[in-house]
Amino acid sequence: MTSTSRGLDVSAYQSAQNWSALKADGLTFAFAKASEGENSRDARFATHIKGIKGAGLVAGAYHFAWPNQSAAKEASNYTAAVKPYAGAGFLHWLDLERYSDGRNYKGRSAAQIKAYATAWIAAVEKAFPGQVVGIYTSASDIAAGHVSSGVPLWYPAYPWGAATYARAEAAARPKPSGRTVTIWQFASTPLDRNIAYMSPSALREWAKGDTDDGPKTYTPPKFPTGLAPGKAKPSAVTLQRALKAASYMAKSVAESPNYGPKTQAGVIAFHNAHPQYRAAGKKSDPAIGPKGWAALFRLAYGK
């Protein structure tokens, strides 16, 4: 079974939670709605995010998108709302979903919605250098081409109604339009429940974002001729690009010639999702072998 982490997300619709008790019950991460559109702020964001951070959970926030408004103004609204709380390890999400009446998508083509999302992400990445920025969005949005490749995906789909974490963990990982899902929101009642496809330790490492300029802690394996794509071992930069394309590393991580902690965390996340490629007997394997590299390459580039 793939290693996962358990999480919740909340907004003004939910009352304050006992985050410490939830952490003791196995919760690893939690996200709170911060803002919407160009000017709106969530009334309970401060209460929620202070509780989440105070309990020591992996914390994050999301902004509900209005693609027919200004991406720059919406990013500024979000940035101002989360800035007091967005320290190291904070995750940022654009909630890109259509209102039932379509009012937030009205007058916008698929290309314009994608351009809006790309601009919002770029603005938030600039405001919080090195931090992870991703998209929460539906299968229909993904199929419509609203999401660029390589963006971490937080994906909602509710096949069972009020389901347990154990049921979601035992199910197959969703693949909407063939895309790799980083986090699956599998239930919306009684609260929005999520699983991330990383172990708690790997999730915390991934959430750190930043650059991969740490020390080289292991020597990358020598690949037998013909087993790896291109018939050569991947350089650190080549590996980082593939990890990003397959959503196992944040796009915001700077390329580096070192097999540092960020690269290793990405490889661990890949192995957690595909344990058949990690070294026998290892629960956290930071070294990618030739068969794993070939599989990662196919996931990243469809080759």
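Keep in mind that this is a model prediction, so the values were computed, not measured. (Residues numbered from 1 in each chain as written. Predicted model: local features only at pLDDT ≥ 70, side-chain atom pairs only at ≥ 80, totals over all residues. Heavy atoms only, no water.)

### A short note on the nonpolar core
In step 1: Counting 50 residues, the largest nonpolar core has Trp19, Val82, Phe90 and Trp120 as the members making the most contacts within it.
In step 2: Not counting residues up to four positions away in its chain, the partners in contact with Phe90 are Ile49, Ala59, Gly60, Ala61, Tyr78, Val82, Tyr85, Gln131, Val132 and Ala207.
In step 3: The next biggest cluster of nonpolar side chains, apart from the first, holds 36 residues, and it includes Tyr62, Leu91, Ala242 and Ala295. (Core = buried A, V, L, I, M, F, W, Y, C linked by side-chain atoms within 4.5 Å. Buried < 20%, exposed > 50% of the residue type's maximum accessible area, 1.4 Å probe, protein only. Contact = heavy atoms within 4.5 Å.)

### Remarks on unusual backbone geometry
In step 1: That bond from Thr189 to Pro190 is cis: its omega, 0°, falls within 30 degrees of zero.
In step 2: Along the polypeptide, Pro190 turns up in the loop between β8 (183-187) and β9 (192-196).
In step 3: The residue Ser177 is not glycine, and still its phi comes out positive at about 55°.
In step 4: The backbone of Ser247 sits at a positive phi, close to 65°, despite the residue not being glycine.
In step 5: Here Ser247 lies in the loop between α8 (236-245) and α9 (261-273).
In step 6: On the basis of relative accessible area, Ser247 is assigned to the buried category, the value being 7%. (Helix = DSSP H or I, 4+ residues; strand = E, 2+ residues; numbered from the N terminus.)

### A few points about the packing of helix α7 (residues 200-207) against α9
In step 1: Taken N-terminus to C-terminus, the directions of α7 and α9 make an angle of 140°; their axes are 9 Å apart at the nearest point. Accordingly, the angle class assigned to the pair α7 and α9 is oblique. The handedness of the crossing between α7 and α9 is left-handed. Counting all contacts with α7, which are made through Ala202, Glu205 and Trp206, the residues of α9 involved are Pro261, Lys262, Ala265, Ile268 and Asn272.
In step 2: Per-class residue counts for the contact of α7 with α9 are 5 nonpolar, 1 polar and 2 charged. (Axes fitted to C-alpha atoms, helices over the stretch in contact; angles between N-to-C directions. Parallel < 35°, antiparallel > 145°, perpendicular 65-115°, else oblique. Left-handed = near helix turned anticlockwise from the far one by under 90°. Nonpolar A, V, L, I, M, F, W, Y, C, P; charged D, E, K, R; others polar.)

### Re helix α10 (residues 290-301)
In step 1: Taking 1.5 Å as the rise per residue, α10 with 12 residues should run 16 Å; its terminal C-alpha atoms sit 16 Å apart, in good agreement.
In step 2: Of the residues making up α10, those classed as buried are Gly292, Trp293, Ala294, Ala295, Leu296 and Ala300.
In step 3: Turning to α10, the residues buried within the fold contact α8 and α9. (Expected span 1.5 Å × (residues − 1).)

### Remarks on the confidence of the model for the protein chain
In step 1: Here the protein chain shows a mean pLDDT of 89. Residues at 70 or above account for 91%.
In step 2: Every residue in residues 213-228 is under pLDDT 50, and counting partners more than four places away or in other chains gives 33 contacts. (pLDDT = per-residue confidence, 0-100.)

### Some words on the environment of Val58
In step 1: Looking at where Val58 falls in the secondary structure, it is placed in strand β4 (residues 58-64).
In step 2: The class of Val58 is buried, set by a relative accessible area of 4%.
In step 3: As for Val58 and Ala295, which are separated by 237 residues in sequence, their C-alpha atoms are 29 Å apart.

### Topic: the pairing of β8
In step 1: With 5 of 5 residues buried, β8 lies mostly within the body of the structure.
In step 2: Summarising the sheet, strand β7 (residues 153-156) and β8 pair through 3 bridges and their orientation is parallel. Its bridge partner lying in β8, Pro156 is registered against Gln185.
In step 3: Relative to β9, β8 runs antiparallel, the two sharing 4 bridges. Each bridged residue has a counterpart across the sheet, and for Ile183 the counterpart in β9 is Ala196.
In step 4: The hairpin turn running from β8 into β9, its antiparallel successor, is 4 residues long. (Pairing = 2+ DSSP bridges.)

### Side note on the pattern of salt bridges
In step 1: Taken as a whole and judged by the stated rule, the model has 6 salt bridges.
In step 2: Among the salt bridges present, the one from Arg103 reaches Asp101, with a minimum N-O distance of 3.0 Å.
In step 3: Ionic pairing is found between Glu205 and Lys262, a salt bridge with its closest N-O pair at 3.6 Å. One end of the pair, Glu205, is in helix α7; the other, Lys262, is in helix α9, with 57 residues separating them in the sequence.
In step 4: The buried category is assigned to Lys262, whose relative accessible area is 11%.
In step 5: One network of salt bridges, in which partners are shared, links Glu205, Lys208 and Lys262. (Salt bridge = Lys/Arg side-chain N within 4 Å of Asp/Glu carboxyl O.)

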